[in-house]
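Below are the chains, spelled out letter by letter.
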Amino acid sequence: MATDYDSPRKTDEDINEDSLQELQARRVDKGTSTIDVDPDEVAEGMELPGADLSGEELAVRVLPRQADEFTCSRCFLVHHRSQLAEERKGQLICKECTA
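Residues numbered from 1 in each chain as written. Predicted model: local features only at pLDDT ≥ 70, side-chain atom pairs only at ≥ 80, totals over all residues. Heavy atoms only, no water.

In the annotation of an unreviewed UniProt entry, the entry for the protein chain reads DUF4193 domain-containing protein, and the organism field reads Lipingzhangella halophila.

The following block contains the structure:
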């Protein structure tokens, strides 16, 4: 729990004066607090399926597959050779797809 070091501190007398009902009411008040989320801000980063992305440009640099990498024949992801689980009929399969 975060501590506000700028708030006034209670003395021993103030602590003893707090009743059980007051402490329980404080606990209930803290538990009901919610975080306000603006739905417009959440939706800004999301793209709808079927959206026209023909005007978009790729913002990352794409490297070709390296000599120590392979493309899995099931998930079509590029993995490092250490992730190679097996080779079936010339097709390379990663460890994630064999699990």
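Chemist: Could you give an account of the overall build of the protein chain, naming the residues involved and the relevant values?
Modeler: In terms of helices and strands, the protein chain carries 4 helices and 4 strands. The order of α-helices and β-strands along the protein chain, N terminus first, is α-α-α-β-β-β-β-α. Within the protein chain, buried positions represent 7% of all 99 residues. For the protein chain, the exposed area adds up to about 9500 Å²; of that, 51% sits on carbon and sulfur atoms. (Helix = DSSP H or I, 4+ residues; strand = E, 2+ residues; numbered from the N terminus. Buried < 20%, exposed > 50% of the residue type's maximum accessible area, 1.4 Å probe, protein only. Areas by Shrake-Rupley, 256 points an atom, 1.4 Å probe, with all protein chains shown as cover.)

Chemist: Account for the environment of Gln91, with residues named and values stated.
Modeler: Within the secondary structure, Gln91 sits in strand E4 (residues 91-94). Judged by relative accessible area, Gln91 falls into the partly exposed class, the value being 45%.

Chemist: Run through the state of the cysteines, naming residues and quoting values.
Modeler: Put plainly, two cysteines are in a disulfide when a covalent bond ties their sulfur atoms together. Summed over all chains, the structure comprises 0 disulfides. Considering cysteine sulfurs only, Cys75 is the nearest to Cys72, which forms no disulfide, with 3.7 Å between them. The structure places no disulfide on Cys94, whose sulfur is separated from the nearest cysteine sulfur, that of Cys97, by 3.6 Å. (Disulfide = S-S within 2.5 Å.)

Chemist: Go over the pairing of strand E3 (residues 84-88) with me, naming the residues and quoting the values.
Modeler: Two elements, E3 and E4, share 4 bridges in a ladder whose sense is antiparallel. When the bridges of E4 are listed, Glu86 appears paired with Ile93. Between the antiparallel neighbours E3 and E4 lie 2 residues, among them Lys89 with a positive phi of about 50°. (Pairing = 2+ DSSP bridges.)

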